[in-house]
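# Per-entry structural report
Listed below are the residues making up each chain.
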Amino acid sequence: MALPLYDSQPARRVPWVTYLLIAVNVVVFLITPMSNFAAWYGKGSVRECKAAHFTYEYGAVPKELTTGDQQPLPTEVVHDCGPADFRKAPWTTAFTSMFLHSSALHLLGNLVFLFVVGMGVEDRLGRWRYLLAYLAFGLVAVYGFAWTSPGSTVPLIGASGAIAGVMGAYVILNPRGRVVSWVPPVIFIRLPVWVVLGYWFVLQWLSLGDQKSNVAYTAHIYGFVAGVVFALLARRAGPAHRLAALSRG
């Protein structure tokens, strides 16, 4: 698989929102028990149990989102780690889950894609609209996943749903773009964006039936489609906005 490294087309403005989202994701990861940096959570099984409790508290549990009610911890978690004393409003986890990652590798993989496509989308949408779109893509991915698996009590965490939306928007807003990619082990090549991201989307679709994987492929698909739809609407509205601005002038 080709790993995208950077967009070959320079942005017209500094992508502050993309940089901010990357920084927030990194900082949040470093202060959670999923990171070895946060030594105050302890070591070994103690840290693992705190990470499990933390994930259930701030991760998006599909059954909680579809019912609106907080669910008890699974029996195996209580058996291994004991009960956890927390109360939460399930809808808030649709937001908090977007900024949590299970490992440094999970974080790095997501942020590489965000760095590559985020700058171009921010450049074309503008900072505030891009930020709101990013959050909206994440919500669509989370609730789409919950709607598809309404009885699941496994927490969903990660920025990949929101980033998938940015990827979908990028394909529409910059269809002629090219992405410099690394093809293992040593090949670097500049590929059309529709090849790189289209191939990624096909992989997500083909992986939907993989019961052994802990990757939320369904959330990726919902996010990507949301990004495509949003970008189509934004691109269609663009000429109308420019015409209105000229008429006012």
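Since we're looking at a predicted model, the values are computed, not measured.

### Some remarks on the packing of helix 8 (residues 160–173) against helix 9 (residues 193–206)
- Between helix 8 and helix 9, whose axes approach to 10 Å, the crossing angle comes to 145 degrees. The way helix 8 lies across helix 9 gives a crossing that is left-handed. Mapping the contact onto sequence places Ala 164, Met 167, Tyr 170 and Val 171 in helix 8 and Val 193, Leu 197 and Trp 200 in helix 9.
- Residues belonging to the contact of helix 8 with helix 9 are distributed by class as follows: seven nonpolar, no polar and no charged.

### Some points on the pattern of salt bridges
- All told, the structure shown has four salt bridges when counted by the stated rule.
- A salt bridge links Glu 64 to Lys 88; the shortest N-O distance between them is 2.7 Å. You can see Glu 64 sitting in helix 3 (residues 62–67) and its partner Lys 88 sitting in the loop between helix 4 (75–81) and helix 5 (93–96), a full 24 residues away along the chain.
- You can call Glu 64 buried: its relative accessible area is 3%.
- By relative accessible area, which is 12% here, Lys 88 ends up buried.
- The partner of Glu 122 in a salt bridge is Arg 127, and the shortest N-O contact between them spans 3.7 Å.
- For Glu 122, a relative accessible area of 0% corresponds to the buried category.
- The class of Arg 127 is partly exposed, set by a relative accessible area of 32%.
- Several salt bridges share partner residues, and in doing so they unite Arg 13, Asp 123 and Arg 124 into one network.

### Observations regarding the state of the cysteines
- Going through the model one piece at a time under the given rule, you end up with one disulfide.
- Through a disulfide, Cys 49 is tied to Cys 81; the S-S separation comes to 2.3 Å. Between Cys 49 and Cys 81, the S-S torsion sits near -75 degrees, and that sign places the bridge as left-handed. Of this pair, Cys 49 sits in helix 2 (residues 44–58) while Cys 81 sits in helix 4, and the two are 32 residues apart along the sequence.
- For Cys 81, a relative accessible area of 25% puts it in the partly exposed group.

### Quick word on empty space enclosed by the protein
- Scanning the model with the defined rule gives one cavity of 30 Å³ or more in all.
- Looking at the largest cavity, its volume works out to about 60 Å³.
- As for the largest cavity, its lining consists of Tyr 56, Val 61, Glu 64, Gln 71, Pro 72, Leu 73, Pro 74, Phe 86, Lys 88 and Thr 153.
- Split by residue class, the lining of the largest cavity holds six nonpolar, two polar and two charged.

### Let's talk about the confidence of the model for the protein
- On average, residues of the protein carry a pLDDT of 84, and 84% of them reach 70 or more.
- Within the protein, no element has a lower average pLDDT than strand 1 (residues 3–7), which sits at 61, and none a higher one than helix 1 (residues 16–30), at 96.
- Low pLDDT, under 50, characterises residues 240–249; the stretch is placed with zero contacts to residues that sit more than four places away or in other chains.

### A short note on helix 8
- For helix 8, which comprises 14 residues, the first-to-last C-alpha distance of 20 Å matches the rise-based estimate of 20 Å (1.5 Å per residue) to within 8%.
- Counting buried positions along helix 8 gives 14 out of 14 residues, so the element sits mostly inside the fold.

### A look at the nonpolar core
- Core analysis: the biggest nonpolar cluster contains 46 residues, and Leu 114, Val 121, Tyr 130, Tyr 134, Met 167 and Leu 197 have the highest contact counts within it.
- Those elements that provide at least two residues to this core are helix 1, helix 2, helix 6 (104–125), helix 7 (127–148), helix 8, helix 9 and helix 10 (217–248).
- Counting residues per element, this core draws most heavily on helix 8, at ten residues.
- Once you skip the residues sitting within four places of it in the chain, Leu 197 turns out to touch Val 117, Met 167, Tyr 170, Val 171 and Phe 224.
- Membership of the second largest hydrophobic core comes to ten residues, among which are Ala 60, Ala 141, Val 142 and Ala 146.

### Description of the side chain of Lys 88
- Only 2.7 Å separates the side chain of Lys 88 from the side chain of Glu 64, close enough to count as a polar contact.
- Apart from the residues lying within four places of it in its own chain, the contact partners of Lys 88 are Tyr 56, Glu 57, Gly 59, Val 61, Glu 64, Gln 70 and Thr 93.

About the thresholds
- Residues numbered from 1 in each chain as written.
- Predicted model: local features only at pLDDT ≥ 70, side-chain atom pairs only at ≥ 80, totals over all residues.
- Heavy atoms only, no water.
- Axes fitted to C-alpha atoms, helices over the stretch in contact; angles between N-to-C directions.
- Helix = DSSP H or I, 4+ residues; strand = E, 2+ residues; numbered from the N terminus.
- Left-handed = near helix turned anticlockwise from the far one by under 90°.
- Contact = heavy atoms within 4.5 Å.
- Nonpolar A, V, L, I, M, F, W, Y, C, P; charged D, E, K, R; others polar.
- Salt bridge = Lys/Arg side-chain N within 4 Å of Asp/Glu carboxyl O.
- Buried < 20%, exposed > 50% of the residue type's maximum accessible area, 1.4 Å probe, protein only.
- Disulfide = S-S within 2.5 Å.
- 1 Å grid on protein atoms, 1.4 Å probe; cavity = no way out; pocket = protein on both sides within 12 Å on 5 of 7 lines; lining within 4 Å.
- Points joined across faces, edges and corners; volume = space filled by probe spheres on them.
- pLDDT = per-residue confidence, 0-100.
- Expected span 1.5 Å × (residues − 1).
- Core = buried A, V, L, I, M, F, W, Y, C linked by side-chain atoms within 4.5 Å.
- Polar contact = N/O pair within 3.5 Å; in protein donor to acceptor, adjacent residues only side chain to side chain.

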